[in-house]
Amino acid sequence: MTTPEGEQAGGAGAERTSAGDGAARPEERLEQAVRAAEQALIEFEIAVETFRVEVENFSRLHEQKLGPVYARLEELDARILEAKAARSDDPEDRRRADEARARLLPIPGVEELMNGWMDADGLFPEATAMLTDQPVRPPQRVRPSEEARKLYRELARKAHPDLAQEDTERARREEFITRVNAAYARGSEAELRELAEEWARGPELKRLPSAGEELYARLEWLSRRKELLTLVAKELEESAIGSMLRLAPEDPDRLLEDIAGRLRAQVAEREAELAALLT
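Below or above, wherever it landed, is the structure these notes cover. On a predicted model such as this, the values are computed, not experimentally measured, just so you know.

## Describing the overall build of the chain
No. 1: What the chain contains, in helices and strands, is 11 helices and 2 strands.
No. 2: Taken over 279 residues, the chain has a buried fraction of 35%.
No. 3: Restricting to contacts in the chain with at least 6 residues of sequence separation, those with at least 24 account for 71%.
No. 4: Here the chain has roughly 16900 Å² of accessible surface; of this, 53% comes from carbon and sulfur atoms.

Written as structure tokens, this is what we have:
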């Protein structure tokens, strides 16, 4: 799908060619539109993939740093309701306390669901350390550096599967881009440099001329692909983590620290409330 500006630019170029060099080939303007749509789609995919990686990494950091604090708050809320029920002996208070406790009961497969910070026996040592501000192991993935982003963009532009015209070449590019995406998700500049060198050594097939019907089919496919990517981008932006990340795109760690500070204050308030109920 091309933008109005792209269509105007393509049309003007075709008209100049026609006026200066004689009659243009019938497919010329369509070829220009396809090339413009391909490049626009590649840039869009790069932007969406970059944001997806940032959301994924921020989600891991959010879960690692704040998950135990949320768990502590839920535990304190349940204990406060239980203490109130014990004092009042009111059936409604007991019901609320039982419901709060039931939400905290272990369930099968909790180790996998909790992603390594608690199991049926409670918080892991690393999670406990987070609650007490002690040093803990860093997250396995970090945000890609500017150099990694630059390398990724260059590789995506050069090796994108959509630039292939033959099935064998598309398969080669798809396999290569899969490795590029994995290296980018790890934020590994070294891997991305190695992949750039590998691509530079590989075969480079010439682009074959396309017939008019193939060009139309190509434009339709590009349009459908853009619509799909638009939906993916919207889901990422509207997700809870994506919305948080957009609040502080340049310093998400600081945002997490601010949230953690507010949560720790709530933990202190709950602990004081529970202590007063138990005295």
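This is not the end of the story, as more comes after the structure.
## Here we look at the pattern of salt bridges
No. 1: Summed over all chains, the structure comprises 25 salt bridges.
No. 2: Of the charged contacts, one joins Glu-49 and Arg-52 as a salt bridge, the two residues approaching to 2.8 Å between their closest N and O atoms. Residue Glu-49 and its partner Arg-52 are both found in helix H2 (residues 28-88); the two are separated by 3 residues, about one turn of the helix.
No. 3: Looking at Arg-52, the relative accessible area reads 28%, which means it is partly exposed.
No. 4: Residue Arg-193 pairs with Glu-189 through a salt bridge whose shortest N-O separation is 3.2 Å. Residue Arg-193 and its partner Glu-189 are located together in helix H8 (residues 189-201), separated by 4 residues, close to a single helical turn.
No. 5: Since its relative accessible area comes to 39%, Arg-193 is described here as partly exposed.
No. 6: One continuous salt-bridge network, built from bridges that share partners, spans Glu-92, Asp-93, Arg-95, Arg-96 and Glu-99.

## A look at the nonpolar core
No. 1: With 33 residues, the main nonpolar core has Val-55, Phe-58, Leu-66, Leu-255, Ile-259 and Leu-263 as its most contacted residues.
No. 2: At the level of elements, H2, helix H9 (212-238), helix H10 (240-247) and helix H11 (252-278) are the ones that each hand at least two residues to this core.
No. 3: With 15 residues, H2 is the single largest residue contributor to this core.
No. 4: Excluding residues within four positions of it along the chain, Leu-66 makes contact with Leu-61, Leu-256, Ile-259, Ala-260 and Leu-263.
No. 5: By size, the runner-up hydrophobic cluster in this structure holds 18 residues, among which are Ala-156, Leu-163, Phe-176 and Ile-177.

## Observations regarding helix H6 (residues 146-159)
No. 1: Helix length check: H6 (14 residues) gives 20 Å between terminal C-alpha atoms against 20 Å at 1.5 Å per residue, within 8%.
No. 2: For H6, the full list of buried residues reads Ala-148, Arg-149, Leu-151, Tyr-152, Leu-155, Ala-156 and Ala-159. The buried residues of H6 all sit within an arc of 165° when viewed along its axis, so they share a single face. Facing away from the buried surface of H6 by more than 90 degrees, the exposed residues are Glu-146 and Lys-158.
No. 3: Taken together, the buried residues of H6 touch H2, helix H7 (167-185) and H8.

## Looking at the packing of H2 against H10
No. 1: Between H2 and H10, the shortest axis-to-axis distance is 9 Å and the interhelical angle comes to 95°. Comparing their axes, H10 and H2 come out roughly perpendicular. Counting all contacts with H2, which are made through Phe-51, Glu-54, Val-55, Phe-58, Ser-59 and His-62, the residues of H10 involved are Ile-241, Gly-242, Met-244, Leu-245 and Arg-246.
No. 2: Of the residues contributing to the contact of H2 with H10, the split by class is 6 nonpolar, 3 polar and 2 charged.

## Things to note about the environment of Lys-84
No. 1: When you line up the elements, Lys-84 lands in helix H2.
No. 2: Along the backbone, Lys-84 and Leu-278 are 194 residues apart, and their C-alpha atoms lie at a distance of 9.2 Å.

Basis of the calculations
- Residues numbered from 1 in each chain as written.
- Predicted model: local features only at pLDDT ≥ 70, side-chain atom pairs only at ≥ 80, totals over all residues.
- Heavy atoms only, no water.
- Helix = DSSP H or I, 4+ residues; strand = E, 2+ residues; numbered from the N terminus.
- Buried < 20%, exposed > 50% of the residue type's maximum accessible area, 1.4 Å probe, protein only.
- Contact = heavy atoms within 4.5 Å.
- Areas by Shrake-Rupley, 256 points an atom, 1.4 Å probe, with all protein chains shown as cover.
- Salt bridge = Lys/Arg side-chain N within 4 Å of Asp/Glu carboxyl O.
- Core = buried A, V, L, I, M, F, W, Y, C linked by side-chain atoms within 4.5 Å.
- Expected span 1.5 Å × (residues − 1).
- Arc of directions from axis to C-beta.
- Axes fitted to C-alpha atoms, helices over the stretch in contact; angles between N-to-C directions.
- Parallel < 35°, antiparallel > 145°, perpendicular 65-115°, else oblique.
- Nonpolar A, V, L, I, M, F, W, Y, C, P; charged D, E, K, R; others polar.

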